[in-house]
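Architecture and fold: a report
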Amino acid sequence: ARQHTVEMVKLDYFSHMSPVAKHATVAKRFELVGFKSAWIGENLARGNEPPELVLQALQDSPGHHRNLIFGEYSRVAIACEGEFWTMCFGGEPKD
């Protein structure tokens, strides 16, 4: 979560897709940090609102809300840098 958030700030973009090839997708970013799971997801938010308002906006968005309540996720990493927020979700690690 932290790496993608910092990269979005540094390269001035806001997307699940990175312009850096080795970080291009959520799956590649999970792979780079050594996390393997059948279930992975990512929520992004942008804004200077207090954390509770950012979370409320994510809860009000159907796709983001699904990530927040998906039963297969057992791990979460959250990062904020300036107005950029990233939440990474993963299920139980697999070998």
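In this text, all values refer to a predicted model and were calculated from it rather than measured experimentally.

What about the layout of surface pockets?
Reported here for the largest pocket is a volume of approximately 230 Å³. Looking at the largest pocket, it is lined by 15 residues, and the ones nearest its centre are Ala-1, Phe-30, Val-33, Ala-77 and Cys-88. Broken down by secondary-structure element, the contributors of at least two residues to the lining of the largest pocket are α1 (2-11), α2 (26-32), β2 (75-81) and β3 (84-90). Considering only residue class, the lining of the largest pocket consists of 9 nonpolar, 3 polar and 3 charged.

Considerations on the packing of aromatic side chains
In the structure shown here, the tally under the stated rule is 5 aromatic pairs. On the basis of an interplanar angle of 20 degrees and a centroid distance of 5.3 Å, the ring pair of Tyr-73 and Phe-89 is categorised as stacked. Within this pair, whereas Tyr-73 is found in the loop between α4 (62-69) and β2, its partner Phe-89 is found in strand β3, the two being separated by 16 residues in sequence. You can call Phe-89 buried: its relative accessible area is 6%. Here the aromatic cluster, defined as three or more aromatic residues joined through ring pairs, consists of Trp-39, Phe-70, Tyr-73 and Phe-89.

Calculation rules
- Residues numbered from 1 in each chain as written.
- Predicted model: local features only at pLDDT ≥ 70, side-chain atom pairs only at ≥ 80, totals over all residues.
- Heavy atoms only, no water.
- 1 Å grid on protein atoms, 1.4 Å probe; cavity = no way out; pocket = protein on both sides within 12 Å on 5 of 7 lines; lining within 4 Å.
- Points joined across faces, edges and corners; volume = space filled by probe spheres on them.
- Helix = DSSP H or I, 4+ residues; strand = E, 2+ residues; numbered from the N terminus.
- Nonpolar A, V, L, I, M, F, W, Y, C, P; charged D, E, K, R; others polar.
- Phe/Tyr/Trp six-rings, centres within 6.5 Å; stacked < 30°, edge-to-face > 60°.
- Buried < 20%, exposed > 50% of the residue type's maximum accessible area, 1.4 Å probe, protein only.

Keep in mind that these numbers describe shape and distance, not what the molecule does.
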